[in-house]
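If you want the building blocks of each chain, they are given just below.
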Amino acid sequence: MSKKKSVFLTIAAVLGCIVVVVCVVTCSHVTDATLCEKVDIVIEDYETRKYVDVKELENYLKSVSCYSLGQPVGQIDCYSIEQALLGHSMIRTAHCHKTAMGVVSISVSQRVPVFSVNTSDTIYWVDSDRRVMPCCEGVEPNILPIFGSLTVESATEDIFDFVMWLDKNEYWKEKISSVQIDDSNSVILNQVNYDAKILLGTLSGYEDKLARLQKLYTQGFDVLGYPECQELDLRFNGQVVRR
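From a predicted model like this one, the values you see are computed outputs, not experimental measurements.

Criteria and cut-off values
- Residues numbered from 1 in each chain as written.
- Predicted model: local features only at pLDDT ≥ 70, side-chain atom pairs only at ≥ 80, totals over all residues.
- Heavy atoms only, no water.
- 1 Å grid on protein atoms, 1.4 Å probe; cavity = no way out; pocket = protein on both sides within 12 Å on 5 of 7 lines; lining within 4 Å.
- Points joined across faces, edges and corners; volume = space filled by probe spheres on them.
- Helix = DSSP H or I, 4+ residues; strand = E, 2+ residues; numbered from the N terminus.
- Nonpolar A, V, L, I, M, F, W, Y, C, P; charged D, E, K, R; others polar.
- Buried < 20%, exposed > 50% of the residue type's maximum accessible area, 1.4 Å probe, protein only.
- Arc of directions from axis to C-beta.
- Pairing = 2+ DSSP bridges.
- Contact = heavy atoms within 4.5 Å.
- Axes fitted to C-alpha atoms, helices over the stretch in contact; angles between N-to-C directions.
- Phe/Tyr/Trp six-rings, centres within 6.5 Å; stacked < 30°, edge-to-face > 60°.
- Polar contact = N/O pair within 3.5 Å; in protein donor to acceptor, adjacent residues only side chain to side chain.
- Left-handed = near helix turned anticlockwise from the far one by under 90°.

Colleague: Help me understand the layout of surface pockets in this model?
Modeller: Space left empty within the atom packing is revealed by a probe, the size of a water molecule, rolled over the atoms. Considering only enclosed or pocket space, the largest pocket measures out at about 410 Å³ in volume. Lining the largest pocket are 19 residues, and of these Val114, Asn142, Ile143, Leu144 and Asp167 lie nearest its centre. Elements represented by at least two residues in the lining of the largest pocket include exactly strand 4 (113-118), strand 7 (144-148), helix 5 (158-168) and strand 8 (176-181). Of the residues in the lining of the largest pocket, the class split is 13 nonpolar, two polar and four charged.

This is how it looks when you write it as structure tokens:
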């Protein structure tokens, strides 16, 4: 072995020992009695949804006695912090852990609204997990509005399934601007660039009803032009009635 190589290996070994000693000394200073010096909160999807910010979450944790700054590390319960955050109306997921340096690290994601419900009594959002969530003041997400008379049960079941189907349908997702539910639970679709309302009736067989209308549009209206009318009624079996 050359002298230079021997010296290099010796230096590397010494540096390695120093790193190990520093790590051991540093970690040995973090005990159950060590006070938490920092609470680090990251909102993973903040750039796409701004329903809540870090300051609000800090204040929320303080209000439920789960803000860990200044507390002994051994007394900090990460599970309790996670459960507290999941109780916030805008939080979907929460993960918390303590680092070797006595820092409480928290990451959260926000709930994802997929449509809004606007009744005579209230307005709320339904999220991607079929759960009702409050509207966020000053924020207007690009989601489909549903108007009229419907129960929470209907909004989170049949209407949810229908809205998700619309969202995945490349043809209809760009054509429907809003949905109305009348007192008889009949579904009416309002279109983006066409004044005619689509009378869907019940949601039974909506895929076939809209496939029939799509065929009329692509093979008829798109070729000959869209006629002036107020309604396109799909409630009759196998028919599209124009009024």
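Further notes follow.
Colleague: Mind showing me how you'd approach helix 5 here?
Modeller: Residues that lie three or four places apart on an α-helix share one face, since the helix turns once every 3.6 residues. Here helix 5 has its buried residues at Ile159, Phe160, Phe162, Val163 and Leu166. Along helix 5, the residues classed as buried sweep out an arc of 165° about the axis, all on the same side.

Colleague: Looking at this model, I keep getting lost on the sheet that holds strand 9 (residues 187-191). Mind explaining?
Modeller: Across a sheet, paired strands are connected by hydrogen bonds in the backbone, their directions being either parallel or antiparallel. Taking strand neighbours across the sheet as the criterion, the nine strands line up as 6-5-4-7-8-9-10-11-12 in an open arrangement whose pairing is mixed. With partners counted over all chains shown, the strands left at the sheet margins are strand 6 (132-133) and strand 12 (241-242), one partner each. In this structure, strand 10 (residues 197-201) lies alongside strand 11 (residues 231-233), joined through three bridges in parallel fashion. Note on strand 11: the bridge partner recorded for lysine 197 is glutamate 231. In the packing of helix 5 onto the sheet, the strands contacted are strand 4, strand 5 (123-127), strand 7, strand 8, strand 9 and strand 10, and the crossing angle to strand 4 comes to about 130°. The sheet contacts of helix 6 (residues 206-224) involve strand 9, strand 10 and strand 11, and relative to strand 10 the element is tilted by about 150°.

Colleague: Explanation requested: the packing of aromatic side chains in the structure shown.
Modeller: For any pair of aromatic rings, the description rests on two quantities: the centre-to-centre distance and the angle between the ring planes. The tally for this structure, following the rule as stated, stands at 11 aromatic pairs. Between tyrosine 51 and tryptophan 125, the aromatic rings sit 5.5 Å apart at their centres with planes inclined by 55°, giving tilted as the arrangement. With tyrosine 51 in the loop between strand 1 (38-43) and helix 2 (54-63) and tryptophan 125 in strand 5, this residue pair connects regions lying 74 residues apart in the sequence. Each of the two residues, tyrosine 51 as well as tryptophan 125, counts as buried. Here tyrosine 171 and tryptophan 172 contribute two aromatic rings whose centre-to-centre distance is 5.1 Å and whose plane-to-plane angle is 85°, an arrangement assigned as edge-to-face. You can call tyrosine 171 buried: its relative accessible area is 19%.

Colleague: For this particular structure, what's the right way to read the environment of threonine 119?
Modeller: Mapped onto the elements of the fold, threonine 119 is located in the loop between strand 4 and strand 5. Between the C-alpha atoms of threonine 119 and phenylalanine 147, which are 28 residues apart in sequence, the distance is 6.0 Å. Non-local contacts of threonine 119, meaning those with residues more than four positions away in its chain, are made with Gly148 and Leu150. Among the polar contacts listed, one links the side chain of threonine 119 to the backbone nitrogen of aspartate 121, at a separation of 3.2 Å.

Colleague: Sorry if this is basic, but what is going on with the side chain of serine 178 here?
Modeller: Within the element layout of this structure, serine 178 appears in strand 8. Residue classification places serine 178 among the buried positions, given a relative accessible area of 10%. In this view, serine 178 contacts Leu144, Pro145, Phe147, Ile188, Leu189 and Asn190; residues no more than four positions away in its chain are not counted.

Colleague: What should I look at first to understand the packing of helix 5 against helix 6 in this one?
Modeller: Angle between the axes and distance between the axes: these two values describe a pair of packed helices. At a closest axis distance of 12 Å, the pairing of helix 5 and helix 6 adopts a crossing angle of 35°. Helix 5 and helix 6 meet at a crossing whose hand is right-handed. In this structure, helix 5 contributes Asp161, Phe162 and Trp165 to the contact, and helix 6 contributes Tyr206, Glu207 and Leu210. Grouping the amino acids of the contact of helix 5 with helix 6 by side-chain chemistry returns four nonpolar, no polar and two charged.

Colleague: I would appreciate a short explanation of the sheet that holds strand 3 (residues 103-110) in the present structure.
Modeller: If you trace the three strands from one edge of the open sheet to the other, you get 1-3-2, paired in mixed fashion. Each edge of the sheet is formed by a strand with only one pairing partner; in this case those strands are strand 1 and strand 2 (91-98). Between one strand axis and the next, the sheet turns by 15° as a mean value, whatever way the strands run. Relative to strand 3, strand 2 runs antiparallel, the two sharing seven bridges. By the bridge assignment, histidine 97 is partnered in strand 3 with serine 105.

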